[in-house]
Amino acid sequence: MSESISCTTHNATICDDPSEIWVWLKEWNTDQVIILTDENTQKFCLPEVWRDHNVQHIHSIVIPAGELYKTLDTCGHIWDELHRLRASRNSLLVSLGGGVVTDIGGFCASVYKRGIRHLCIPTTVLAQADAAIGGKTGIDHRFLKNVIGTFYPPVDVWICPVFLQTLPQRQIINGLAEIIKHGIIADRKLFEKMEGVDAFNVNTIAPYIASAASIKCTIIDRDPKEQGVRKILNYGHTAGHAIESMMLSRGEDLLHGEAIALGIKIEARIAHLLGKLDNQELSRIETIIDRHFPILQIAREDITGLIDLMHHDKKNSNLKISFSLPEGIGDCTFDVFPSVEHISNAIEYYTV
Ligand SMILES: NC(=O)c1ccc[n+]([C@@H]2O[C@H](COP(=O)([O-])OP(=O)(O)OC[C@H]3O[C@@H](n4cnc5c(N)ncnc54)[C@H](O)[C@@H]3O)[C@@H](O)[C@H]2O)c1
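So, here is what we can say about the structure in this document. Keep in mind that this is a model prediction, so the values were computed, not measured.

**Section: the overall build of the protein**
So, point 1. If you tally the helices and strands in the protein, you get 14 helices and 11 strands.
So, point 2. Since a compact globule built from 352 residues should have a radius of gyration of about 20 Å, the 20 Å found for the protein is in line with a globular shape.
So, point 3. Roughly 14,800 Å² of accessible area belongs to the protein as shown, and the carbon and sulfur atoms make up 50% of that amount.
So, point 4. Of the side chains in the protein, 33 bear a positive and 44 a negative charge, and the two mean positions are spaced by 5 Å.

**Some words on the packing of aromatic side chains**
So, point 1. A complete count under the given rule lists five aromatic pairs for this structure.
So, point 2. Residues tryptophan 79 and phenylalanine 107 carry aromatic rings whose centres are separated by 6.1 Å and whose planes lie at 55° to one another, so their mutual orientation is tilted. Placement of tryptophan 79 in helix H4 (residues 72-84) and of phenylalanine 107 in helix H5 (residues 99-111) is noted, with a sequence separation of 28 residues between them.
So, point 3. Under the relative-accessibility criterion, tryptophan 79 is labelled partly exposed at 23%.
So, point 4. Through a chain of ring-to-ring contacts, the aromatic side chains of Trp24, Trp28 and Trp158 assemble into a single cluster.

**Notes on the state of the cysteines**
So, point 1. Following the criterion strictly, the structure yields one disulfide and no others.
So, point 2. Cysteine 7 shares a disulfide with cysteine 217; S-S distance 2.4 Å. The chirality of the disulfide connecting cysteine 7 with cysteine 217 is left-handed, given an S-S dihedral of about -90°. Of this pair, cysteine 7 sits in the loop between strand S1 (3-5) and strand S2 (11-14) while cysteine 217 sits in helix H9 (residues 206-222); the two residues are 210 residues apart in sequence, bridging distant segments of the chain. Grouping residues by exposure puts cysteine 7 and cysteine 217 together as buried.

**Let's talk about helix H11 (residues 256-273)**
So, point 1. Helix length check: H11 (18 residues) gives 25 Å between terminal C-alpha atoms against 26 Å at 1.5 Å per residue, within 8%.
So, point 2. Taking burial as the measure, the 18 residues of H11 include 16 buried ones, the bulk of the element.
So, point 3. Among the residues trailing H11, glycine 275 stands out with phi positive, at a value near 80°.

**Quick notes on the side chain of histidine 10**
So, point 1. Its location among the elements puts histidine 10 in the loop between S1 and S2.
So, point 2. Here the side chain of histidine 10 touches glycine 134 through a polar contact of 2.8 Å, landing on its backbone nitrogen.

**Digging into the packing of helix H7 (residues 169-186) against helix H12 (residues 279-292)**
So, point 1. For the pair H7 and H12, the least separation of the axes is 11 Å and the interaxial angle reads 165°. In terms of their interaxial angle, H7 and H12 are classed as roughly antiparallel. Judged by the twist between their axes, the crossing of H7 over H12 is right-handed. On H12, the residues touching Ile173, Leu176, Ile180 and Ile184 of H7 are Ile285, Ile288, Ile289 and His292.
So, point 2. Of the residues in the contact of H7 with H12, the class split is seven nonpolar, one polar and no charged.

**A closer look at H12**
So, point 1. Taking 1.5 Å of rise per residue, the 14 residues of H12 would be expected to cover 20 Å, and the 21 Å separating its terminal C-alpha atoms lies within 8% of that figure.
So, point 2. Regarding H12, the residues found buried are Glu281, Leu282, Ile285, Glu286, Ile288, Ile289 and His292. The buried residues of H12 occupy an angular sector of 165° when the element is viewed end-on, so they sit on one face. In H12, the exposed residues that point more than 90 degrees away from the buried face are Asn279 and Gln280.
So, point 3. On its buried face, H12 is in contact with H7, helix H8 (188-195), H11 and strand S10 (323-328).

**A word on the sheet that holds strand S3 (residues 32-38)**
So, point 1. Within the open sheet, the seven strands sit side by side as S1-S2-S9-S6-S5-S3-S4. Their pairing is mixed. A single partner strand is all that each edge strand has here, and the edge strands are S1 and strand S4 (59-63). Direction aside, the axes of adjacent strands within the sheet are offset by 20° on average.
So, point 2. Bridge count between S3 and strand S5 (residues 91-97): five bridges; the pairing is parallel. Directly across from isoleucine 35, in S5, lies its bridge partner valine 94.
So, point 3. Across the sheet, H4 is in contact with S3, S4 and S5; its angle to S4 comes to roughly 165°.

**Looking at the packing of H7 against H9**
So, point 1. Here H7 crosses H9 at 50°, and the two axes come no closer than 9 Å. Classed by the angle they form, the pair H7 and H9 counts as oblique. Of the two possible hands of crossing, H7 and H9 adopt the one that is left-handed. Two secondary-structure elements touch here, H7 through Ile179, His182, Ile185 and Ala186 and H9 through Tyr208, Ile209, Ala212, Ile215, Lys216 and Ile219.
So, point 2. In terms of residue class, the contact of H7 with H9 is made up of eight nonpolar, one polar and one charged.

**Some words on the nonpolar core**
Burial of nonpolar side chains together is a common tendency in soluble globular proteins.
So, point 1. Judged by nonpolar contacts, the single largest core of 75 residues is most densely connected at Ile179, Ile180, Met194, Ile266, Ile285, Met310 and Ile347.
So, point 2. Sorting elements by how many residues they give to this core places H11 first, with nine residues.
So, point 3. Beyond its immediate sequence surroundings of up to four residues, isoleucine 347 is in contact with Ile266, Ile298, Ile303, Leu306, Ile307 and Met310.
So, point 4. Core analysis: the next-biggest nonpolar cluster, separate from the first, contains 20 residues, Cys45, Leu92, Trp158 and Phe163 among them.

**A short note on the site of the ligand**
So, point 1. The ligand sits among 28 residues. The nearest are Asp38, Glu67, Thr124, Lys145 and Thr166.
So, point 2. Between aspartate 38 and the ligand, the recorded distance is 2.6 Å, taken from a side-chain N or O atom to an oxygen atom.
So, point 3. Asparagine 146 is positioned such that a nitrogen or oxygen atom in its side chain is 3.4 Å from an oxygen atom of the ligand.
So, point 4. Isolated, the ligand exposes 870 Å² of accessible area, and the fraction of that covered by the protein chains is 92%.
So, point 5. Counted by class, the shell around the ligand contains eight nonpolar, 11 polar and nine charged residues.

Calculation criteria
- Residues numbered from 1 in each chain as written.
- Predicted model: local features only at pLDDT ≥ 70, side-chain atom pairs only at ≥ 80, totals over all residues.
- Heavy atoms only, no water.
- Helix = DSSP H or I, 4+ residues; strand = E, 2+ residues; numbered from the N terminus.
- Rg over C-alpha atoms; globule rule 2.2 N^0.38 Å.
- Areas by Shrake-Rupley, 256 points an atom, 1.4 Å probe, with all protein chains shown as cover.
- Lys, Arg positive; Asp, Glu negative; His and termini not counted.
- Charge placed at Lys NZ, Arg CZ, Asp CG, Glu CD.
- Phe/Tyr/Trp six-rings, centres within 6.5 Å; stacked < 30°, edge-to-face > 60°.
- Buried < 20%, exposed > 50% of the residue type's maximum accessible area, 1.4 Å probe, protein only.
- Disulfide = S-S within 2.5 Å.
- Expected span 1.5 Å × (residues − 1).
- Polar contact = N/O pair within 3.5 Å; in protein donor to acceptor, adjacent residues only side chain to side chain.
- Axes fitted to C-alpha atoms, helices over the stretch in contact; angles between N-to-C directions.
- Parallel < 35°, antiparallel > 145°, perpendicular 65-115°, else oblique.
- Left-handed = near helix turned anticlockwise from the far one by under 90°.
- Contact = heavy atoms within 4.5 Å.
- Nonpolar A, V, L, I, M, F, W, Y, C, P; charged D, E, K, R; others polar.
- Arc of directions from axis to C-beta.
- Pairing = 2+ DSSP bridges.
- Core = buried A, V, L, I, M, F, W, Y, C linked by side-chain atoms within 4.5 Å.
- Near = heavy atom within 4 Å.

Written as structure tokens, this is what we have:
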């Protein structure tokens, strides 16, 4: 049985059985369906989608797995393949994968022949709860996160928890960071419910994914192009993206959600230093992150480099670093420009 999440910029459907997607697809007038996967989702998820269906007319494009491949080079490969397959404006590109696949697939679809339709079938917790929702597409450039991208809503997002069965536990927790973020910025009850859970696994996380996706839809409906309130979804990401960029450039093994988890703590501490978040609320945020994520500490000598990376953040204005900061669990503000000293002090708190 499928269930719809209310989202006006695009549809989002939670489904038990991926074969429902084919029923839906038949209603679309497309000359070609082309499925984009990475090497893991090709192996683990594509057979699930193809099960029981005659799909000889469907082509697939495969890219290497991981953030390191969310680049213009990979886009070149995807566009070459679309060209080889003679994709037209009447074709449908289906991104079947985690946030890397849905981000790059959406970006490639948005500019190929000035835009071909894009469907998201997210296969990680992170992509189901967050990345595939809302039509932000993007790629990294010179290790800077998502600096090239478009707003391009997919025609639909199909969230099928069955895909998560093959996801490693580390990836389940990786996605938890964005769900915790959604609770902190907009839903105190969700946060409190999560506080009551000692450990998340593939079976217990599904209802939280649905709640997070629904919160994101509600926020995006109010501000599809991030002119205002949508900025609160960036909580944890100004610091988190800087950490992720630094680690990526060093070849360190750090996942997006793991970087965001530390970003959530650093930015909560900035809010505390600015008098926006009291000690008790800060401590609850730190506790939930530390319960589920390995403690990541950064070196004191990296603070300057991290702040330098934050100067490239897309939300900045007038050369000042912009943050979205909690004013209590369930409440968040945006367009806050703390001093470099405050940012530095907050990071220092989590250094070795
Ligand atoms: N557009 C947005 O609004 C938005 C929001 C949040 C994050 N993001 C982006 O999302 C990306 C992170 O997404 P992610 O964590 O899903 O990363 P990912 O796409 O790299 O997936 C993580 C890993 O899991 C593998 N995988 C995916 N599905 C699987 C499955 N069902 N079984 C087994 N393995 C599977 C992938 O091959 C990959 O190795 C980042 O690039 C981030 O910037 C975008």
